[in-house]
Every structure is written in C-alpha cells, then in structure tokens.
Amino acid sequence: MHHLPQAIQRLSMPELTGQIGQSLRDAERELENAPGPAAPLDATYADTHRFPPPEWALPTFAEAAGGQGMTYTPYRGDRGVREAVAENVSTVLGIPATGPADVILTPGTQGALFTALAAILSPGDLVLLPDPDYLSTERMLRYFGAEVRRIPMIWPHEGEAGRGARPTLDLEELRRAAALKPRLMVFSHPNNPTGAIYDEATIEAIADVARRYDFHVIADELYCRLVYDGEEFFHLAARDGMAERTVTLLGPSKTESLSGYRLGVATAPAALIDAMEDVQSCTALRAPSYAQHLLARWIADDQDFLKKRLVEYQALRDTTVRKINASSVMRVNPSYGTAYLFPEVLTGASDQAVALALKEHAGVVVNPGYQFGPAGTGRMRLCFAQDEAVWDAALDRIIGVVSSVKAA
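A. Seen up close, the overall build of the chain. A tally of regular secondary structure across the chain gives 12 helices and 15 strands. Along the three orthogonal principal directions, the C-alpha set of the chain runs to about 55 × 50 × 40 Å. Taking all 408 residues of the chain together, 58% fall into the buried category. Of the contacts formed within the chain by residues at least 6 apart in sequence, a portion of 76% connects residues at least 24 apart. Here the chain displays about 16300 Å² of accessible surface, and carbon together with sulfur accounts for 52% of that area. The average position of the 38 basic charges and that of the 51 acidic charges among the side chains of the chain differ by 2 Å.

B. Just the pattern of salt bridges, in detail. Counted according to the given criterion, the structure contains 24 salt bridges. When the shortest N-O distance is used, the salt bridge between R297 and D301 registers 2.8 Å. Owing to a relative accessible area of 31%, R297 belongs among the partly exposed residues under this scheme. We classify D301 as partly exposed; its relative accessible area is 40%. Sharing partners across several salt bridges, the network here consists of D131, E138, R142 and R150.

C. Region of interest: the sheet that holds strand 14 (residues 367-368). The strand order across the open sheet built from three strands is 11-15-14, with neighbouring strands paired in antiparallel fashion. With partners counted over all chains shown, the strands left at the sheet margins are strand 11 (340-341) and strand 14, one partner each. Where strand 14 lies against strand 15 (residues 380-383), two bridges are found, and the strand directions are antiparallel. Residue pairing across strands places P368 opposite M380, the latter belonging to strand 15.

D. Molecular detail of empty space enclosed by the protein. Applying the stated criterion across every chain yields a total of five cavities of 30 Å³ or more. Put simply, the second largest cavity is a space of about 70 Å³. Around the second largest cavity sit V92, E221, L222, C224, R225, L250, G251, T255, W298 and I299, which together line it. For the lining of the second largest cavity, the per-class residue count stands at six nonpolar, two polar and two charged.

E. Representation of the nonpolar core. Counting residues in each nonpolar core, the largest one holds 47 residues, and the members touching the most others are Y313, L358, M380, W391, I398 and V402. When residues of this core are traced back to their parent elements, those giving at least two are helix 2 (22-33), helix 10 (303-325), strand 11, helix 11 (351-362), strand 15 and helix 12 (388-404). By residue number, the principal contributor to this core is helix 12, which donates seven residues. With near-sequence residues (within four places) excluded, M380 lies in contact with M330, L341, F342, P343, V345, V354, L358, V366, N367, P368, G369 and V402.

F. A look at the layout of surface pockets. For the largest pocket, the calculated volume is near 930 Å³. Forming the walls of the largest pocket are 41 residues, and the residues nearest its centre are T44, Y45, Y134, K254 and R381. The set of elements that each furnish at least two residues to the lining of the largest pocket consists of helix 2, helix 5 (108-120), helix 11, strand 14 and strand 15. Here the lining of the largest pocket takes four residues from helix 5, the largest share from any one element. For the lining of the largest pocket, the residue count by class is 19 nonpolar, 13 polar and nine charged.

G. Here's a closer look at the packing of helix 5 against helix 9 (residues 270-282). The geometry of helix 5 relative to helix 9 is characterised by a closest axis approach of 8 Å and an angle of 110 degrees between their N-to-C directions. One way to sum up the angle between helix 5 and helix 9 is to call them roughly perpendicular. In terms of crossing hand, the pair formed by helix 5 and helix 9 is right-handed. Between helix 5 and helix 9, the residues in contact are A112, T115, A116, A118, A119 and I120 and L272, A275, M276, V279 and Q280, respectively.

H. Geometry of the environment of G400. Tracing the chain through its elements places G400 in helix 12. Judged by its relative accessible area of 36%, G400 falls in the partly exposed class.

I. The arrangement of the sheet that holds strand 3 (residues 126-131) in detail. The eight strands lie next to each other as 2-9-8-7-6-3-4-5, forming an open sheet whose pairing is mixed. What marks the edges here is a single partner per strand, and that holds for strand 2 (103-106) and strand 5 (168-169). The pairing of strand 7 (residues 216-220) with strand 8 (residues 246-250) spans four bridges and is classified as parallel. Bridging across to strand 8, V217 finds its partner in T246. Along the sheet face, helix 9 touches strand 2, strand 7, strand 8 and strand 9 (264-267) and points at about 25 degrees away from the line of strand 2.

J. The packing of helix 10 against helix 12, seen in detail. Two elements in contact, helix 10 and helix 12, have axes whose closest approach is 11 Å; the angle formed by their N-to-C orientations is 25 degrees. As judged from the angle between their axes, helix 10 and helix 12 are roughly parallel. Considering how the two elements wind past one another, helix 10 and helix 12 form a crossing that is right-handed. Where helix 10 approaches helix 12, its residues L316, T319, T320, K323 and I324 are matched on the opposing element by E388, W391, D392, L395, D396 and I399.

K. A look at the packing of aromatic side chains. The tally for this structure, following the rule as stated, stands at 11 aromatic pairs. Where F114 meets Y143, the ring centres are 6.1 Å apart and the plane angle is 50 degrees; that geometry is what we call tilted. A residue pair is termed long-range when its members are at least 10 positions apart, and F114 in helix 5 and Y143 in helix 6 (residues 137-143) qualify at 29 residues. With a relative accessible area of 21%, Y143 lands in the partly exposed category. Taken together, F51, Y228, Y313 and F384 form an aromatic cluster joined through their ring pairs. The ring of Y340 is capped by R381, whose NZ or CZ atom sits 3.8 Å from the centre of that ring.

Here is what the cut-offs are and how they apply
- All residue numbers refer to positions counted from 1 along the written sequence of the respective chain.
- Reporting in this predicted model follows two pLDDT cut-offs: at least 70 for local features of residues, and 80 or more for side-chain atom pairs to be given and counted; totals over whole chains, interfaces and linings ignore these cut-offs and use all residues.
- Note: side-chain values were computed over all heavy atoms of the structure, leaving out hydrogens and water.
- Strands are runs of DSSP state E lasting at least two residues, helices are runs of H or I lasting at least four, and both sets are numbered from the N terminus onward.
- A 1.4 Å probe rolled over the protein chains alone gives each residue an accessible area, and that area as a share of the maximum for its type sets the label: buried under 20%, exposed over 50%, partly exposed in between.
- Contacts were defined at the residue level, with two residues in contact if any of their heavy atoms lie within 4.5 Å.
- The method behind every accessible area is Shrake-Rupley, applied with a 1.4 Å probe, and residues are considered shielded solely by the protein chains displayed.
- Only four residue types enter the charge count, namely Lys and Arg as positive and Asp and Glu as negative; His and the chain termini do not.
- To locate a charge, take NZ of a lysine, CZ of an arginine, CG of an aspartate or CD of a glutamate.
- In the sections that follow, a salt bridge refers to a side-chain nitrogen of Lys or Arg positioned within 4 Å of a carboxyl oxygen of Asp or Glu.
- Strand pairing follows a simple DSSP-based rule, namely that at least 2 bridges must link the two strands.
- Detection works on a 1 Å grid of protein atoms alone, calling trapped sets that fit a 1.4 Å probe cavities and calling open sets with protein on both sides within 12 Å along at least five of seven lines pockets, with lining residues defined by an atom within 4 Å of a point.
- Grid points are joined across faces, edges and corners, and a volume is the space filled by probe spheres set on the points.
- As a working rule, the residues Ala, Val, Leu, Ile, Met, Phe, Trp, Tyr, Cys and Pro are called nonpolar, Asp, Glu, Lys and Arg charged, and the rest polar, with Gly in that last group.
- Definition used in this section: a nonpolar core is a set of buried Ala, Val, Leu, Ile, Met, Phe, Trp, Tyr and Cys residues joined via side-chain atoms within 4.5 Å.
- Lines fitted to C-alpha atoms define the axes, with helix axes restricted to the stretch in contact, and inter-axis angles between N-to-C directions lie between 0 and 180 degrees.
- Orientation categories follow fixed angle ranges, with anything under 35 degrees roughly parallel, anything over 145 roughly antiparallel, 65 to 115 roughly perpendicular, and all other angles oblique.
- By convention, the crossing between two helices is left-handed when the near helix turns anticlockwise from the far helix through less than a right angle, and right-handed when the turn is clockwise.
- Each aromatic pair joins two rings of Phe, Tyr and Trp (for Trp, the six-membered one) with centres within 6.5 Å, and gets the label stacked for planes under 30 degrees apart, edge-to-face for over 60, and tilted for any other angle.
- Both a distance and an angle decide whether a charge sits over a ring: NZ of Lys or CZ of Arg must be within 6 Å of the ring centre and within 35 degrees of the ring normal.

Here it is in structure tokens:
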C-alpha cells in the first residue's frame, strides 16, 4: 500500500493544452478582461472586510515576526506548531491522537492538495473525482498525467425539495469505477461548489471501496466546520481502516478568513507526509514561517468566533436562497456547508454569457458553473459571505441581468 511515486513528469504544453482544454483558459481570460466597474463585487470569495479574521490573528503574526518565530522552519513546519495542530485536528476529525509526524503545514490548502497529488500519483494512474467538484482539482490531476473518471452527483429537483433532499454521489457508479482499480479518489467535503454534505452511508461507501480495492483518498475538508442547520458531519479518516489511507486537507483560510496568510494543513500517514515534505522542499520550501504560528491557536481559540460566524453566514444563505427562488430565472437548494450556493440558471443562456453580462452590467463577478466539471454547466457559484448592506441589492442586479441574457 505504501507506494512512493515515480519522479514527477511534467506534461508538455501541447499535451496539457489538449487535456485541460485551451477553450477553458481562453474563457477564463475573457472573463478577466471583460468590461465592468473598476472594483466589482467579487462573489467568488468572502468579503474579509465584513468578515475579518479572529482578533488574535494579526498580533500573533506580529509577535512571531518580531522575534518569537523562526524565519526558516523545517520544511514540514515548526514542530511546536505541528504538535498543537495535531492535537486540535484529532479532536475535529474524531480519530486517535495524531502526532506531529502525521502533519505537514503547507502554503494554503491548494498547496496541500498539489503536494499530496505529487506524492501519490504517477502518469497513467486512474483517479476518481466527483462531478462537480473543486475547480482546480482536475487541472492538477491532468498536470500529473492522471486519467480522470468523474463520478456524477445525483441532483434533487431544486427549489421545491425539502430538507434532506440534496446532491449526493451516485454510489452505483462509484462502485463500478472502483472496480477499475484506481490509484486515488479525491473529493471535497462539504462539496465545493454545491455545499452538499454527504450522509454517513455515502462516506461509508467511499471507505468500503477504498478498503476493498486498496487505494488512497484525499478528502478536502477545508469547510468542515462551516456546517449549518445542526447537520452531522462525517469524516472519512475516522472510518475503520481509513486513517492509514486518507489524506485530510484542512486550514483556516475560509472559516477564519485567513486566506492572505497562505496556510494549509494536511494530515496523513507518516510515510506519506515524508513524501509530501520531499515535494514541498523542492517547490515552496515551507508554509510562510511567521504565519505558521497562527495555527497553534486555530481551532483551539476560535470557538466563540465560529459560533457567531455560523449564525451570520446561515442568515445570509437563507436570504440568498429565498431571493433566488422567488425569481423565475434561477433556482437553488440550500447548501448545508461552505459559504457557497450553486444555483441553476433557467433561461438557457450559456454560463460564459451570463458571467460576462454579470460583470459588465451588474458589477458582480461569479464563477461560471462549467469551471467545476461537466455537471456544473448551466449554473454559477455564488459566495454569499458578503456585506449585508450591499448583498441584497447585488442579488437584485444579478437576477435582473440573468433575466436579460438570451439563450444562444
């Protein structure tokens, strides 16, 4: 089981272009260069002025930078910080105490994902990935020469489905794909972009096929504490036999609004963390050294902060869902985690046309649905963690512009 990878083989640009698709890069460049206000409302991420980091974040960074923290930590991160992170993460994941050898600190959670993929994959490996899922994952997989098989999510009828009806994985397709002997499965949980939280049966099904067919799983749980409506969250690493084959990605960038500090965390078996450290030592060297010290307080010192944030985010989610579903041009089910909604556009207009029109005429930037996989087509991802003073009017503009964009 403890496979260490062959040397990373970078795909040539023609191969990379063919696999990811030149049209995707061109489309995103078109969005970037589209006309619009100088400072549009960016609904692709949270407003960190309205929702700032915990009050201890900046003083902790300043103290470390002022002499209390090392400039050059070990590649996997300061040992004292990793000891604190290991203890706190074990509590969150519900697994026996993790030690510092099982933890690596990375430059953001995306850095953790890239490092884990580099440590596991060889060209030609089969990887299972939900459809839709995080927009960068398939690009990284193609970069490493992996063969990607998408596992569809099953969608309830939106706007009318009650509590309990939500997107989930097609478990029959998952079992069929697992029989092909994949090297790896990667999935975000809660799902990014839909905000779906998988029930216990789904998490156990993933664990069952991983044990049966002997493959690793990377569980991106960046949003696992942004969970609403009293939902129970099931961690894959806590299932029987999964701690030794699961890489769990976590971090403070979203829940605590610490994206600018570039901090991510991965916990995995020590042998795999060693391989990830080898990769990180050749790429980014280490997570930002002074910022690392914030992670000693992360989780441990932010319980009251988290409770308040969940109340505020859930209120914004509910307002956004009501307004969208009151329109005739979009519909959506509530997300149960993350700060995102993934509404369906009912007009038949293309994702790109809608996104371009929203930037130019509504002054709002969104992620068009195609970025998250084929199943995302006809949707957009909205981050509802915005200033209440401007978000309600922005939703009116979004709905008004969507209604005016004609199908091709």
